[in-house]
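Coordinate analysis (summary)
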Amino acid sequence: MNANRAAEQVARESYGRVLALLASRTKDVAAAEDALSEALLAALTQWPREGVPANPVAWLMTASKRRLLDARRRHDVREAAAATIELELATLDQQAEVGVPDERLRLLFVCAHPAIDAEARTPLMLQTVLGLDAERIASAFCVAPKTMGQRLWRAKAKIRDAGIAFDVPEVSELAERVSFVHEAIYAAFGTSWDDAAEGADGAGDLAREAIWLAEVLSGLLPDEAESKGLLALMLLSEARRQARRSPTGAYVPLKEQDLARWDLAMLHEGERRLAEASRLQKLGPFQLEAAIQSLHVARRRDGRRDDALLVQLYDGLLQLAPSLGVQVARAAAIGASNPRAGLEALDGIDDARTQTHQPWWATRAGLLRGLGRLDEAGQAFERAAGLTSDDAVRRWLLAQR
Amino acid sequence: MQYALVVYETQAELARRDDPAQAQAYWAPYFAYSRALAEAGVAVGGAGLQSPRAATSVRLRDGKRQVQDGPFADTKEQLGGLFLIEVPSLDKALEWAARCPASSTGTVEVRPVLAPPPGAR
């Protein structure tokens, strides 16, 4: 491998690890980023000449550390603070010799801290843990690069100024704090699906980054079941991305999807992660949602889907994480084998939002059609079409009348 | 690190201070809270403030002093006082803020105390 490629690969693989290590010592993400990017530049000029060092991560860390200290001395930092930072950074040298500790978990918790603006949490993770540049993050979230740059800058200033600790939360708080990390990761994944609906280029990239983050997280917290559940859910959904649209861009509903366009290796990986999660015997909403996805794709084996089990899973989800979406999906699952019972369940949802909830109307339309009430079904398909923002789905719904 | 826990209270809560039938019930949790801060060794300082009705605002514009009756901003929740604490991190400060009696009826804003700017003596 040539030295340029090696440097690039190290940048990608070790960015988050080096940054997390530096930032957890200095409490200053922005300063750590500046130092690391200077170190990366130095690496890209030096390594092709002198060869890639045996431990590139340690090399980058030492080089970044030196730059960080120089920057501290240049700026008018109070001496006491500078001394503390020097002391903190000195411990890094000893650690570098025995192996670099992985501090990315602390960084993830800081990025998803409730004191950080919710809109900045996911971009912050993508930038600091995965090393994505602000421009790419901006385009993934469909905002102007300048806006995203400011959002990230404000978040980093908040971390530094408000004194957010680079710590793994205490056990009593861990579940809640991990849930913020999950939300931020799942938000990146959700964004990529919304973009896919609008046909944006590179929408899948963000989904892959979200999966990568979840892999990092579940590797760092091996006993945390929901992290694996989240990873499983995203893998099982992502594996069907290609099949959700026909080659001409038309919407394809789940039960009509071409199995040949499902990514079987990714499905398998998703199932494996879900099994790992369930062995920990700590059930949570992400695991249930992953189990539901797993059930949806089970027909690749024998063409069947266990509808009774599907309803049970939705019942469980309704208990752990009730939402209008889950109630509607549960009614659809009941209606798959018994449209009359499904319609009863749908009508039994006591929530004014159903009137503007697109899935409620689409489900209702399908159930009415199943009962032979075609006029009402047609009207419901129209209502659903009027409530979607996805053009392919709109065309599909109107074609069902 | 030092943080200010800035206490904002609703008019209804502030009014309880002036109601002889409720004043004791209003202050008791604050006494307990102040004691807890002191016993934990995190209390640095602070002060309760009188009602916004007692406030007077001053602005100097074009060299002229403008004095006005009332607080700076006419909002639903008003500044009631502040606590200064010394804790290692924001999370610890947030824990203490959640224990402040006003957190269940009003809002407690947590602000890091400004380090002396360069050149300050």
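In this report, the structure presented in the accompanying data block is examined.

What counts as what
- Residues numbered from 1 in each chain as written.
- Chains lettered and ligands numbered in written order.
- Predicted model: local features only at pLDDT ≥ 70, side-chain atom pairs only at ≥ 80, totals over all residues.
- Heavy atoms only, no water.
- Helix = DSSP H or I, 4+ residues; strand = E, 2+ residues; numbered from the N terminus.
- Buried < 20%, exposed > 50% of the residue type's maximum accessible area, 1.4 Å probe, protein only.
- Contact = heavy atoms within 4.5 Å.
- Areas by Shrake-Rupley, 256 points an atom, 1.4 Å probe, with all protein chains shown as cover.
- Salt bridge = Lys/Arg side-chain N within 4 Å of Asp/Glu carboxyl O.
- Core = buried A, V, L, I, M, F, W, Y, C linked by side-chain atoms within 4.5 Å.
- Domains from an automatic or database assignment.
- Buried area = accessible area lost by both parts, 1.4 Å probe.
- Polar contact = N/O pair within 3.5 Å; in protein donor to acceptor, adjacent residues only side chain to side chain.
- Nonpolar A, V, L, I, M, F, W, Y, C, P; charged D, E, K, R; others polar.
- Pairing = 2+ DSSP bridges.
- Axes fitted to C-alpha atoms, helices over the stretch in contact; angles between N-to-C directions.

Okay, the overall build of chain A next. Secondary structure summary: chain A contains 20 helices and zero strands in total. Out of the 401 residues belonging to chain A, those deemed buried represent 49%. Long-range pairs, those at least 24 residues apart, make up 64% of the contacts in chain A between residues at least 6 apart in sequence. Of the roughly 19,400 Å² of accessible surface on chain A, a fraction of 50% belongs to carbon and sulfur atoms.

Attention shifts here to the pattern of salt bridges. Residues and elements named next belong to chain A. Applying the stated criterion across every chain yields a total of 35 salt bridges over all chains. Measuring nitrogen to oxygen at the nearest pair gives 3.1 Å for the salt bridge that ties arginine 272 to glutamate 269. Placement of both arginine 272 and glutamate 269 in helix 12 (residues 264-279) is noted, with a separation of three residues, approximately one turn of the helix. Arginine 401 is paired through a salt bridge with glutamate 382; the nearest N and O atoms lie 2.7 Å apart. Remark: glutamate 382 occurs in helix 19 (residues 374-387) and arginine 401 occurs in the segment after helix 20 (391-399); sequence separation between them is 19 residues. Judged by relative accessible area, arginine 401 falls into the exposed class, the value being 53%. Taken together, the shared-partner salt bridges connect Lys228, Glu269, Arg272, Arg273 and Glu276 into one network.

Turning to the nonpolar core, a few remarks are in order. Ranked by internal contacts, the top residues of the largest apolar core, which has 109 residues, are Met125(A), Ile185(A), Leu5(B) and Ile85(B). Tallying contributions element by element places helix 2 (residues 29-50) of chain A first for this core, with nine residues. Split by domain, the residues of this core number at least three in each of domain 1 (1-101) and domain 2 (306-401) of chain A. Of all hydrophobic cores here, the second largest spans 18 residues; its members include Ala331(A), Ala377(A), Ala380(A) and Phe381(A).

Here we take up the interface of chain A and chain B. Tallying the contact residues gives twelve residues for chain A and eleven residues for chain B. Taken together, both faces of the contact between chain A and chain B bury some 800 Å²; the carbon and sulfur share is 52%. Where chain A packs against chain B, one counts two salt bridges. Taken together, chain A and chain B are joined by four residue pairs in polar contact (both at pLDDT 80 or more). Sorting the residues of the side of chain A that touches chain B by element identifies helix 8 (145-162) and helix 9 (171-197) of chain A as the ones contributing at least two each. Residues belonging to the side of chain A that touches chain B are distributed by class as follows: four nonpolar, two polar and six charged.

All names here are of chain B. Read from one edge to the other, the open sheet built from four strands follows the order 2-5-1-6, with strand pairing classed as antiparallel. Two strands lie at the open edges of the sheet, namely strand 2 (43-48) and strand 6 (107-112), each paired on one side alone. Strand-to-strand twist in this sheet, taken as the mean axis angle between neighbours without regard to direction, amounts to 20°. Sheet topology note: the strand 1 (residues 2-10)/strand 6 ladder contains six bridges and is antiparallel. From the neighbouring strand, valine 7 faces strand 6, where its bridge partner is valine 108. Here helix 1 (residues 11-18) sits on the sheet in contact with strand 1 and strand 5 (77-86), set at roughly 85° to strand 1.

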